[in-house]
Structure formats: C-alpha cells, structure tokens
Amino acid sequence: MATKKKSAPKASADTTAADAPITREQLIKNLNEDLSREYQAIIAYIVYSQAIKGAQYMSIAKELETHAKEELAHALTIAKQIDYLGGDMTVTPKPVKTSEKATDMLRFDLENEATTIRAYRERVRQCEVLGEFAMAEHIREILINEQDHLIELATALGEDPPDVSG
Ligand SMILES: [Fe+2]
Ligand SMILES: [Fe+2]
C-alpha cells in the first residue's frame, strides 16, 4: 500500500498579505449570521407592515410588505450559498424588537438595514478573498436591495439615510 503523504487541507485560497484572513469555515459562520438577520427582517417586516397604524403611514406599510418578500428572497439566496459551501443552515432569527409606535418600528428597521449593509459589504470582500466571485455577485445584488430599503425607511422618517461606511 502506497503511503501517500496527505497534504494539509487548504483553508483559504489566494490570500495576500493585504487581505483580511478568512477561511471557508469562517465564511459559513458569517453567512449564517447574515441568514439570522434575514429571518429577523422577514418577521419584522411582516409584523410591522400590518401593525403600523395612521393614515400617513399607509404607503410605507405597503412598502414594508414588499420588503418582507424581498427579505425572503435574500434568505433563500444566502441559504443556497451556505449549502454550496457545505455548511449547515441556522434556523434561528436574530431577536425582533416590538413597539406600538410607528416611528419606533421604522427606526428598528432602519437600524437593522444599516447593520445588514455593513455586514454584506464585508461579506463581498471576504467572498472575493476566497475567490468566490459568483457568491460576491449574489451578495452585491442583495446589497442593492438593502440600500433601497434603507433609503425608503429614512425617507418615511423624514431623514437622510445614515452613513453606513463605518
Ligand atoms: Fe435582506
Ligand atoms: Fe432589507
């Protein structure tokens, strides 16, 4: 029997000193955090779109319903990426805050969208470090959607969209 020396498993591909170190295992963990945030967003938008009251909020309530469907599509996309990487998918959403006040609900959504955008910007870079360019592309498409959500929520609150570059 030939004793072939087993090479060490390749943790990450083509990383350069300038790139943040990332392994596929770490990417799976991070994508599961993203999936938990998408579950949170689905729940929040379903509940808030129905719970929001007041004539001045009826058009944003309709938009929140649309967001709920878009977040579901994002969750499916992220789940597919985790499965492709051979990971297990989380079944746990991040906690959803509740309030009777329309402005609170919109504020919670705005804060979550800002967090989500920061996370996906980081995720695009991590996918690229690992040479997962198609995955980076899928996440870029989600990002376009999340930025629209952020702008719509800020507009409904009568504010400029927050700076999410940090
Ligand atoms: Fe989303
Ligand atoms: Fe969103």
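The structure displayed is predicted, hence computed values, not measured ones.

Thoughts on the overall build of the protein
Working step 1: A count of helical and extended segments in the protein gives 4 helices and 0 strands.
Working step 2: Along its sequence from the N terminus, the protein presents helices and strands in the succession α-α-α-α.
Working step 3: Classification of the 166 residues of the protein by burial places 28% in the buried group.
Working step 4: The long-range share in the protein, meaning contacts at least 24 apart out of those at least 6 apart in sequence, stands at 75%.

Description of the environment of Leu-72
Working step 1: Mapped onto the elements of the fold, Leu-72 is located in helix H2 (residues 58–84).
Working step 2: A C-alpha to C-alpha distance of 8.5 Å links Leu-72 and Ala-41, two positions 31 residues apart in sequence.

Here's the deal with the packing of helix H1 (residues 24–51) against H2
Working step 1: The N-to-C vectors of H1 and H2 enclose an angle of 160 degrees; their axes lie 8 Å apart at closest approach. By the criterion of interaxial angle, the relationship of H1 to H2 is roughly antiparallel. Crossing of H1 over H2 shows left-handed handedness.
Working step 2: Of the residues in the contact of H1 with H2, the class split is 17 nonpolar, 5 polar and 4 charged.

Quick word on the nonpolar core
Working step 1: The biggest cluster of nonpolar side chains holds 29 residues, and the ones touching the most others in it are Leu-35 and Tyr-45.
Working step 2: Those elements that provide at least two residues to this core are H1, H2, helix H3 (102–129) and helix H4 (133–156).
Working step 3: Every residue in contact with Tyr-45, bar those within four places of it in the chain, is listed here: Leu-64, His-67, Ala-68 and Glu-71.

A short note on H4
Working step 1: Its 24 residues give H4 an end-to-end C-alpha distance of 35 Å, which sits within 8% of 34 Å, the value for a rise of 1.5 Å per residue.
Working step 2: For H4, the full list of buried residues reads Met-135, Ile-139, Ile-142, Glu-146, His-149, Leu-150, Glu-152, Leu-153 and Ala-156.
Working step 3: On its buried side, H4 packs onto H2 and H3.
Working step 4: Looking one or two residues past H4, Gly-158 carries a phi angle of roughly 70 degrees, positive in sign.

Details of the environment of Leu-64
Working step 1: Within the secondary structure, Leu-64 sits in helix H2.
Working step 2: Separated by 18 residues in sequence, Leu-64 and Ile-46 place their C-alpha atoms 7.5 Å apart.
Working step 3: Excluding residues within four positions of it along the chain, Leu-64 makes contact with Tyr-45, Tyr-48 and Ser-49.

Description of the packing of H1 against H3
Working step 1: Put simply, H1 and H3 touch, their axes get as near as 10 Å, and they point 155 degrees apart. Between H1 and H3, the angle is such that the two are roughly antiparallel. In terms of crossing hand, the pair formed by H1 and H3 is left-handed. The residues of H3 that touch H1, namely those facing Leu-27, Asn-30, Glu-33, Asp-34, Arg-37, Gln-40, Ala-41, Ala-44, Tyr-48 and Ala-51, are Met-105, Phe-108, Asp-109, Asn-112, Thr-116, Ala-119, Tyr-120, Arg-123 and Gln-126.
Working step 2: When the residues that make up the contact of H1 with H3 are grouped by side-chain class, the tally is 9 nonpolar, 5 polar and 5 charged.

Details of the confidence of the model for the protein
Working step 1: When pLDDT is averaged across the protein, the result is 91; 88% of the residues are at 70 or more.
Working step 2: A low-confidence stretch, residues 1–18 (pLDDT under 50), is modelled with 11 contacts involving residues beyond four sequence positions or located in other chains.

Cut-offs applied
Residues numbered from 1 in each chain as written. Chains lettered and ligands numbered in written order. Predicted model: local features only at pLDDT ≥ 70, side-chain atom pairs only at ≥ 80, totals over all residues. Helix = DSSP H or I, 4+ residues; strand = E, 2+ residues; numbered from the N terminus. Buried ≥ 20, exposed ≤ 12 C-beta atoms within 10 Å, placed from the backbone. Contact = placed C-beta atoms within 7 Å. Axes fitted to C-alpha atoms, helices over the stretch in contact; angles between N-to-C directions. Parallel < 35°, antiparallel > 145°, perpendicular 65-115°, else oblique. Left-handed = near helix turned anticlockwise from the far one by under 90°. Nonpolar A, V, L, I, M, F, W, Y, C, P; charged D, E, K, R; others polar. Core = buried A, V, L, I, M, F, W, Y, C linked by C-beta atoms within 7 Å. Expected span 1.5 Å × (residues − 1). pLDDT = per-residue confidence, 0-100.

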